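Working through the structure, step by step
Spelled out from the first residue to the last, the chains are:
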Amino acid sequence: MSSSEAVEVEITLPPDVVADPSRLRASAAKQAGLRSEDIQAVEWKRRSIDARRGRVRIVCRLRLHREPWSPGQAPQPRALPHLAGPPRVAIVGAGPAGLFAAWALAAAGVPCAVYERGRRVRERRHDLASLTQRGELDPDSNYCFGEGGAGTFSDGKLYTRAQKRGDTREVLEALVAYGAPEKILVESRPHIGTNRLPKVITQMREHLVAAGVSFHFDTRVEDLRVEGGRVRKLVLADQSEVDCEAVILATGHSARDVLRFVHAAGARLEAKAFAMGVRIEHRQAFVDDMQYGRWAGHPQLGSASYRLVEQVDGRGVFSFCMCPGGFIVPAATEAGGQVVNGWSPSSRRGRFANSGFVVEVGPDTLKSAGHDPAGVFAGLDYQRALEARAYAAGGGDFVAPAQCIGDWLEGRSSRTLPPCSYPRGLKSVELDEVLRELAAPLKVALERFGRRMPGFAGPEAVAVGVESRTSCPVRIMRERNTLQAEGLAGLYPTGEGAGYAGGIMSAAIDGIRVARACAAS
């Protein structure tokens, strides 16, 4: 090994050692069998927190440079060719799957146009303010619909377990090129934050527009025109029609109307398992103490999170989309339906921590609730029924039905509810009456967690209803090789709404994959 070679090591250290550059350098050099004075620079490659078994450590993957070294230039936006001629591909939806599909098509020199029912990020903020402050819902522009999709105002988490579907690094570097912080390339659970992600999305769109991609906001697609078993046109809400050689469908998990007209057009759909429940909220200080103990509040750790999984009578019960230092928000897309979601700012310094807490919904659950599990849209109908009950229980106006977790487990009403981040207010209810057959497995899991983590079901812990949009209950089936919809040539389903993703990263990766298959055809 020459003296100029860099050496890569992985070492697990306490937070205070990581916080001290000289101690970090010395520990890493010892791990590599080198002298500390021989190390000219320490480059971070990967960073993760391990708080298991009551011991808090930071896992550091480092590259030790024995010659002077400085970080290279941050990733820059990919050079895109100028797209000439009319759009050949129509992309329906400007969420992560749709945006990255447009990015991949543009890189391949394929002219395309993006159609989005909601508004641009800036205008979309006004629609969210109307909902959170006055309870005024725009069914086309809200926390689920609009530029950037549901993820734009839902925390900006960038981790995924879908490592085999595509190149996560490609997506992360693209996001950094459009303004995301470089630390997302190092953190094992990267996060941009809802306050920063809109700017990233805007810069990405502006780069695509400069290359020749056209965007059409406030433009809802209402149907498809099919000739000879192939999609030929989009039908817009004003009944105008758009010619296209292919359609990439990237409409997100809440576009129920799209699933129905795609099914009517001839695509094969199948019901799939999904999950529903509530969103639970604690004080962030409690979560920090529970996870980090004496290390709580250390600047190297930030706000703590958790991930909980249980099996109850063969059904998975788990936490979902945990938001440290975050806020619960109204995420409905339909009048008369109550839905909640969560988000965190980039600092994650809010007073509260919230997480979805959900149970798997399969054929037996649907049948017990009076739905035909063989029906492809039974899951959608079940979602809508739960959301309607929750809306009625809250008294309307997107007030959320809620119950203290301890009271819920003990079977008593909550006389008072603790302070909560949800902006539309809470109403004390019996959650068993709202959740019905979902309540029992959720309570069993909560009791188990409460025994392992004292205080988890304490008086300041509250369950807020309902978390119903964890994933799409339907999958649009794709041909294995071409990724076109089975039964409908020229249609390329992608992302969460098609049943092939579960977050920003996996949706972006799937959008790239589908776009490249489309370009190749």
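Whatever comes next refers back to the structure up there.
Residues numbered from 1 in each chain as written. Predicted model: local features only at pLDDT ≥ 70, side-chain atom pairs only at ≥ 80, totals over all residues. Heavy atoms only, no water.

**Some points on the sheet that holds strand S10 (residues 246-249)**
Worth spelling out the cut-off: Only strands that DSSP links by at least two bridges are regarded as paired with each other. Helix and strand assignments follow DSSP, with helices taken as H or I runs no shorter than four residues and strands as E runs no shorter than two, numbered in order from the N terminus. Axis lines are fitted through C-alpha atoms, for helices just across the contact stretch, and the angle between N-to-C directions can take any value from 0 to 180 degrees. Here, residues are in contact when the closest pair of their heavy atoms is within 4.5 Å.
Across the sheet, five strands lie side by side as S6-S5-S4-S10-S22; this open sheet has parallel pairing. A single partner strand is all that each edge strand has here, and the edge strands are strand S6 (214-216) and strand S22 (491-493). In this sheet, adjacent strand axes meet at a mean angle of 20° when their direction is disregarded. Relative to S6, strand S5 (residues 112-115) is paired through three bridges, and the arrangement is parallel. By the bridge assignment for S6, Val-114 is matched with Phe-215. Here helix H3 (residues 96-107) sits on the sheet in contact with strand S4 (89-92), S5, S6 and S10, set at roughly 160° to S4.

**Points about the nonpolar core**
How we decide: We define a nonpolar core as any set of buried Ala, Val, Leu, Ile, Met, Phe, Trp, Tyr and Cys residues linked to one another through side-chain atoms lying within 4.5 Å. Note on exposure labels: buried denotes an accessible area under 20% of the residue type's maximum, exposed denotes more than 50%, and partly exposed covers the range between, all computed with a 1.4 Å probe on protein chains only.
Counting residues in hydrophobic clusters, the biggest one holds 67 residues, and the most contacted among them are Val-89, Ile-91, Phe-100, Leu-175, Leu-208, Val-213 and Ile-248. Per-element accounting of this core gives the leading share, nine residues, to helix H14 (residues 504-520). Not counting residues up to four positions away in its chain, the partners in contact with Leu-208 are Leu-80, Leu-99, Ala-102, Trp-103, Ala-106, Val-213 and Phe-215. Among the nonpolar cores identified, the runner-up in size contains 59 residues, and Leu-62, Ala-353, Leu-431 and Leu-446 belong to it.

**Let's talk about helix H5 (residues 168-177)**
This is how it is decided: Whenever two N or O atoms come within 3.5 Å, that pair is a polar contact, provided that in protein one can donate a hydrogen and the other can accept it, and provided that, for residues adjacent in sequence, both atoms are side-chain atoms.
Across the 10 residues that make up H5, a large majority, eight, are buried. Those residues of H5 that sit buried are Thr-168, Glu-170, Val-171, Leu-172, Ala-174, Leu-175, Val-176 and Ala-177. Turning to H5, the residues buried within the fold contact H3, helix H6 (197-211) and H14. One side-chain oxygen at the N-terminal end of H5 lies 2.9 Å from the backbone nitrogen of Arg-169; it belongs to Asp-167. Trailing H5 by a residue or two, Gly-179 shows a phi angle of about 115°, which is positive.

**Let's talk about helix H13 (residues 439-452)**
So the rule is basically this: Working rule for helices: expected span equals 1.5 Å times residues minus one.
When the terminal C-alpha atoms of H13 are compared, their 20 Å separation across 14 residues agrees well with the 20 Å that a helix rising 1.5 Å per residue should span. Of the positions making up H13, those classed as buried are Ala-439, Pro-441, Leu-442, Lys-443, Ala-445, Leu-446 and Phe-449. In the core, the buried residues of H13 are packed alongside strand S12 (274-283), strand S13 (309-312), strand S14 (315-323), strand S17 (352-361), helix H11 (405-410) and helix H12 (431-435).

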